[in-house]
Each structure stands twice: as C-alpha cells, then as structure tokens.
Amino acid sequence: MAMKILVSAGETSGDRYAAELVLELRRRLPDAEFFGSAGPLMREAGVEPIIRSESLAVVGLLEVVRHIPRIYGEFKTLMREIKKRQPDFAILTDSPDFHIRVAAKLKPLGVPVVWYVAPQFWAWRQWRVHKFRRLVSFLLCIFPFEQKFFREHGVVTTYVGHPLADAPVSTTTREEH
C-alpha cells in the first residue's frame, strides 16, 4: 500500500521549499501519494491540491481579519480530506499561524508532524515553543542556531540547511536592470 503524505505550505517561499522536499521524497518513495495545501511549484512536483496555498497568503492584520471566513473554510476543507485519507505523516512548511492549528487537529488523529522551516520563536513569542513541542514530532531547521534553541526547549530537531544556499546569485546591479 502506498504511503500517504500530507504536505502543506501557506505562502510562496514555503511552496518552493516544500516542492524541493517533495521531489527528493519522490526519488526515495516513488509510490508515495502527496496531497495538501499546494502552491504552483508543489503542484508541479506532484502534490495533489486539496486547497491552493495562494488562497492562504494574506498579509496585514486588516487583510487577515477580512479573509478569516474564507481561510477557515479552506482549513475545514483540508481537515475533512485529512480525516478521509488518514495520512501516514504530515509535512507542514512555514506559515505558523495556520499550521499550528492544523498540527493541533492532527495530534488526536495520531498523524506525526514534521515541521519544515522553524517558526521564529527565538525572535518573538517565545512562549509558543511549549505548545509547538507538544504538537510537532520532528522539526527541520534551516538555520544552524535554531537547532540549539529548539533542542533546549525539548523539540526533536535537526539542521538541514537553507534551501536557497545553493541557489544561483544574481550578479547584476540595480542600475543594470
């Protein structure tokens, strides 16, 4: 039976990072089924979109408040599909405000959560790390100092490097554009 993996991103950078991870997982688990909240790059990598991550990308307090009913509807749609498909594990990428809520619903379902791109609890709202520890099975950090911080707070963590570390760097200046 094929492994079912929930993959969720809520913004453009998370879509890019998660898509790269899915491509690597596909090489290692060619029969796995991927579904979730997917942006264009994740869809291209073969993640079946239950919801489109573009629908979650809202910036600014007033914008978020205005879009709460729609975002909550997307959340409910995703959760219905999760309950129906019963994934073997979940990979939640970035977007802590949305994904903490998803992780809280996955916990009672017995779905292990791998979190990719650590929330910046070390910079702000440090108290949230305790809830995070209860909900997340494994954290993949992209900055080396995050591993120490999260391990000190009891989160099972490993440093995997920044996905853009090997990306080509532009050599043009602003004036050349």
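Higher on the page you've got the structure.
Bear in mind the structure is a predicted one, so any value in this text is a computation, not a measurement.

Trainee: Any chance you could break down the pattern of salt bridges for me, citing the residues and the numbers?
Mentor: Counting across every chain of the model gives eight salt bridges. Between arginine 28 and glutamate 24 there is a salt bridge whose closest N-O contact spans 2.7 Å. With arginine 28 and glutamate 24 both in helix H1 (residues 12-28) and four residues apart, this pair spans about one turn of that helix. We classify arginine 28 as exposed; its relative accessible area is 62%. The shortest N-O distance in the salt bridge between glutamate 54 and arginine 43 comes to 2.9 Å. Pair noted here: glutamate 54 is in the loop between strand E3 (48-52) and helix H3 (61-85) and arginine 43 is in helix H2 (residues 40-44), with a separation of eleven residues, a long-range link. Assessed through its relative accessible area of 22%, arginine 43 is described here as partly exposed. Linked by salt bridges that have partners in common, Glu48, Glu81, Lys84 and Arg85 make up one network.

Trainee: An account of the pairing of strand E2 (residues 33-38) is requested, with residue identities and associated values reported.
Mentor: Most of E2 is tucked away, with five of its six residues classed as buried. Both strand E1 (residues 4-9) and E2 contribute to a ladder of five bridges, which runs parallel. From the neighbouring strand, valine 7 faces E2, where its bridge partner is glycine 36. Note that E2 and E3 share four bridges and pair parallel. Bridge pairing in E3 links glycine 36 to proline 49.

Trainee: Could you give an account of the sheet that holds E2, naming the residues involved and the relevant values?
Mentor: Reading across from one edge, E3-E2-E1-E4-E5-E6-E7 is the order of the seven strands in this open sheet, with parallel pairing throughout. A single partner strand is all that each edge strand has here, and the edge strands are E3 and strand E7 (157-159). Each adjacent strand pair in this sheet contributes to an overall mean axis angle of 20°, direction not counted. In this sheet, strand E6 (residues 138-141) lies alongside strand E5 (residues 113-116) in parallel orientation, the contact comprising three bridges. Among the inter-strand pairings, valine 114 is bridged to a residue of E6, identified as phenylalanine 138. The strands touched by H1 are E1, E2, strand E4 (89-93) and E5; relative to E4, the strand with the most contacts, the crossing angle is about 145°. Helix-sheet contacts for helix H6 (residues 144-152) involve E6 and E7, and the interaxial angle to E7 is about 170°.

Rules behind the numbers
Residues numbered from 1 in each chain as written. Predicted model: local features only at pLDDT ≥ 70, side-chain atom pairs only at ≥ 80, totals over all residues. Heavy atoms only, no water. Salt bridge = Lys/Arg side-chain N within 4 Å of Asp/Glu carboxyl O. Helix = DSSP H or I, 4+ residues; strand = E, 2+ residues; numbered from the N terminus. Buried < 20%, exposed > 50% of the residue type's maximum accessible area, 1.4 Å probe, protein only. Pairing = 2+ DSSP bridges. Axes fitted to C-alpha atoms, helices over the stretch in contact; angles between N-to-C directions. Contact = heavy atoms within 4.5 Å.

The quantities given are spatial measurements derived from coordinates; they are silent on function.
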